[in-house]
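Structural description and commentary
Now for the letters of each chain:
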Amino acid sequence: MKLILAQGMLGLNNGVFYAMLSLGLAVIFGLLNVVNFAHGALYMSGAFLALILYSYLGVWIGLDDFHVNFWFALILVPSMVGGLGMIIERTLLKWLYRFDPIYSLLLTFGITLILQGLFINFFSASGTPYPGQPESLKGVVNLGFMVFPKYRLFAIVFSIAVCLAVWFVIERTRIGALLRAGTENPDLVKAFGINVPLMVTLTFGFGTALAGLAGVLAAPIYSVSPLMGADLIIIIFAVVVIGGMGSIMGSVVSGFALGLIEGVTKVFYAPAANTVIFFLMVVVLLVRPAGLFGRQT
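Predicted, not measured: the structure shown is a model, and the values here were computed from it.

1. Description of the confidence of the model for the protein
For the protein, the average pLDDT comes to 87, and 97% of its residues sit at 70 or higher. Element-level mean pLDDT values for the protein span from 72 in helix α7 (residues 186-191) up to 95 in helix α3 (residues 70-91).

2. Let's talk about the pattern of salt bridges
Applying the stated criterion to the full structure yields two salt bridges. Across the salt bridge formed by R90 and E89, the nearest N and O atoms sit 3.0 Å from each other. The class for E89 is buried, based on a relative accessible area of 0%. The shortest N-O distance in the salt bridge between E135 and K138 comes to 3.0 Å. Of the residues examined, E135 reaches a relative accessible area of 61% and is grouped as exposed.

3. Observations regarding the packing of helix α2 (residues 39-60) against α3
Where α2 meets α3, the axes come as close as 9 Å, and the angle between the chain directions of the two elements is 135°. By the angle class used here, α2 and α3 are oblique. Crossing angle aside, the handedness with which α2 passes α3 is right-handed. Note on element contacts: α3 touches α2 through A73, L76, V77, M80, V81 and L84, opposite L42, G46, L49, A50 and L53. In the contact of α2 with α3, the residues fall into 10 nonpolar, one polar and no charged.

4. Some remarks on a nonpolar patch on the surface
Together, V59, W60, I61, L63 and F66 give the surface a local cluster of nonpolar side chains, amounting to about 520 Å² of exposed area. Given the relative accessible area of 48%, L63 is considered partly exposed.

5. A look at α3
Between the first and last C-alpha of α3 there are 31 Å, a value that for 22 residues agrees with the 32 Å anticipated at 1.5 Å per step. Every buried residue of α3 is accounted for by F70, A73, L74, V77, P78, V81, G82, G85, I88 and E89. Buried residues in α3 make contact with α2, α4 (101-123), α5 (150-172) and α8 (196-218). In this structure N69 caps α3, since a side-chain oxygen of it lies 3.1 Å from the backbone nitrogen of W71.

About the criteria used
Residues numbered from 1 in each chain as written. Predicted model: local features only at pLDDT ≥ 70, side-chain atom pairs only at ≥ 80, totals over all residues. Heavy atoms only, no water. pLDDT = per-residue confidence, 0-100. Helix = DSSP H or I, 4+ residues; strand = E, 2+ residues; numbered from the N terminus. Salt bridge = Lys/Arg side-chain N within 4 Å of Asp/Glu carboxyl O. Buried < 20%, exposed > 50% of the residue type's maximum accessible area, 1.4 Å probe, protein only. Axes fitted to C-alpha atoms, helices over the stretch in contact; angles between N-to-C directions. Parallel < 35°, antiparallel > 145°, perpendicular 65-115°, else oblique. Left-handed = near helix turned anticlockwise from the far one by under 90°. Contact = heavy atoms within 4.5 Å. Nonpolar A, V, L, I, M, F, W, Y, C, P; charged D, E, K, R; others polar. Patch = residues over 30% accessible without salt bridge, like charges linked within 9 Å, V, L, I, M, F, W, Y side chains within 5 Å. Areas by Shrake-Rupley, 256 points an atom, 1.4 Å probe, with all protein chains shown as cover. Expected span 1.5 Å × (residues − 1). Polar contact = N/O pair within 3.5 Å; in protein donor to acceptor, adjacent residues only side chain to side chain.

Written out as structure tokens, the structure reads:
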């Protein structure tokens, strides 16, 4: 039982990133009907920006001792990635809204290749450790059934708080209602004097900012690599499909649940851990094609 609980906690730590990344994808697809394949590359960009701000920025400006620490990066990097997302939406994606979503998928796939190529060119394909983990989050916590790193526990709690806050804003506030109305009936919302194109841009930027935030959280845990997003994006799409395309709560619940299932699977049959998510996706689609929390048409 201790082994199952321990693997469950480790799986939940992966579920943190499944949930946050699938949440950003669900926000973008659910509100804008855009399939953002660049989400993994933006997650990778967030991790690299945190690394650059801590390890390289001081050298570049001639102040070797200057570092942008983790806590500032946790605020600054999502803003930078969100800004990049808004530029992508305004300059590229806005021309594709009247076409089939496959066109946005192909465009964002191209953006993924460009971002990966840029970081491989400057940092190589091998991973780089992030040295800026806060001192207050170093060490371990005794959970009774295992000794667990403080930082990973922080990542779990912080991610749950972020996911619940995003769900509340979109589903239970006036801002969320305006976002949903602006995408379902933009002409009616424009009649009330609301700038719908700006709302769409901010929504896409917010979704990409969540990917950047996940990247900052991942940097102290995983090796920062140009391919870290490519290794994860297929799993994230599977999580979104299981939860229901566009379902905010579905993405959050599925992300954490599938992380747990993946971790526990390693106890009973480790080779199946890499494929159990895709097996569950097939089962869910056979039983409920719209996903667990998706709307049946």
